[in-house]
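# Architecture and fold: a report
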Amino acid sequence: MARAFNPSSPEVFEKGLAIRRSVLGAEYVDKSIQGVSDLTIDMQELVTQYCWGEVWGRPGLDRRTRSFLNLAMITALNRPHELKLHIRGAINNGLTREEVKEVFLQTGIYCGVPAMIDSMRCAKEVFDALDAEQAADQP
């Protein structure tokens, strides 16, 4: 079992945890936090405190804009697992499916067609999953 979390700034860590849950979904984040090991606990602290608490928690950009940027950057880096997560987060932050598509068309020109194609595939998988979840929630 991993040691307990001991962030350098508990207040910023908690702020980051709240933002992270809001954007990515509490179920996903709680599973990540509860599944830490000695190998991953420091990474989870770092990501939660600095990425989500310090950077996502800054007032300079709203979450919607940060999601636009993340989709483009993660496409450029060709990180499909993280991209799927952030597509869902972008929808949670108010982006439309049309805007997500436009981000990938734009990145296709500047980052390459293969990156765009992979990103569109990821978007389709996420949109299909969201549609299935919505259908399951309806009586």
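For the structure, see preceding data.
Conventions we followed
- Residues numbered from 1 in each chain as written.
- Predicted model: local features only at pLDDT ≥ 70, side-chain atom pairs only at ≥ 80, totals over all residues.
- Heavy atoms only, no water.
- Disulfide = S-S within 2.5 Å.
- Buried < 20%, exposed > 50% of the residue type's maximum accessible area, 1.4 Å probe, protein only.
- Axes fitted to C-alpha atoms, helices over the stretch in contact; angles between N-to-C directions.
- Helix = DSSP H or I, 4+ residues; strand = E, 2+ residues; numbered from the N terminus.
- Parallel < 35°, antiparallel > 145°, perpendicular 65-115°, else oblique.
- Contact = heavy atoms within 4.5 Å.
- Nonpolar A, V, L, I, M, F, W, Y, C, P; charged D, E, K, R; others polar.
- Phe/Tyr/Trp six-rings, centres within 6.5 Å; stacked < 30°, edge-to-face > 60°.
- 1 Å grid on protein atoms, 1.4 Å probe; cavity = no way out; pocket = protein on both sides within 12 Å on 5 of 7 lines; lining within 4 Å.
- Points joined across faces, edges and corners; volume = space filled by probe spheres on them.
- Core = buried A, V, L, I, M, F, W, Y, C linked by side-chain atoms within 4.5 Å.

## So, the state of the cysteines
For the structure on display, the rule yields zero disulfides. The thiol of cysteine 122 is unpaired, and the distance to the nearest cysteine sulfur, on cysteine 111, comes to 14 Å. Among the residues examined, cysteine 122 registers a relative accessible area of 5% and is labelled buried.

## Things to note about the packing of helix H1 (residues 10-24) against helix H2 (residues 26-34)
Describing two packed helices takes the angle between their axes plus the distance from one axis to the other. Interhelical geometry of H1 versus H2 gives an angle of 130° and a closest axis separation of 7 Å. Here H1 is positioned oblique relative to H2, judged by the angle of their axes. Two secondary-structure elements touch here, H1 through Leu17, Arg20, Arg21 and Leu24 and H2 through Ala26, Tyr28, Val29, Asp30, Ser32 and Ile33. Its residues assigned to classes, the contact of H1 with H2 shows six nonpolar, one polar and three charged.

## Points about the packing of aromatic side chains
For the structure shown, the criterion picks out two aromatic pairs. Between the aromatic rings of phenylalanine 5 and phenylalanine 13, the centroid separation amounts to 5.4 Å while the plane-to-plane angle is 40°, which identifies the pairing as tilted. Among the residues examined, phenylalanine 5 registers a relative accessible area of 25% and is labelled partly exposed. A ring pair is formed by tryptophan 52 and tryptophan 56, whose centres lie 4.6 Å apart and whose planes are at 25°; its orientation type is stacked. One exposure class covers both tryptophan 52 and tryptophan 56, and it is buried.

## Describing the layout of surface pockets
Taken as a whole, the largest pocket encloses approximately 350 Å³ of empty space. As for the largest pocket, its lining consists of 20 residues, of which Cys51, Trp52, Trp56, Asn70 and His86 are closest to the centre. Only H1, H2, helix H3 (41-55), helix H4 (63-77) and helix H5 (80-92) provide two or more residues apiece to the lining of the largest pocket. For the lining of the largest pocket, the residue count by class is twelve nonpolar, four polar and four charged. Approximately 270 Å³ is the volume found for the second largest pocket.

## Brief notes about the nonpolar core
Judged by nonpolar contacts, the single largest core of 15 residues is most densely connected at Leu71, Leu83, Ile87, Val100, Phe104, Ala123 and Phe127. Mapped onto this core, the elements with two or more residues apiece are H4, H5, helix H6 (97-111) and helix H7 (113-137). Examining the composition of this core, we find that six residues originate from one element, H7, more than from any other. Valine 100 has contacts with Leu71, Ile87, Ile91, Leu95, Ala123 and Phe127, leaving out every residue within four places of it along the chain. By size, the runner-up hydrophobic cluster in this structure holds ten residues, among which are Phe13, Leu17, Val23 and Trp56.

Don't take any of this as a statement about function, it's just geometry.
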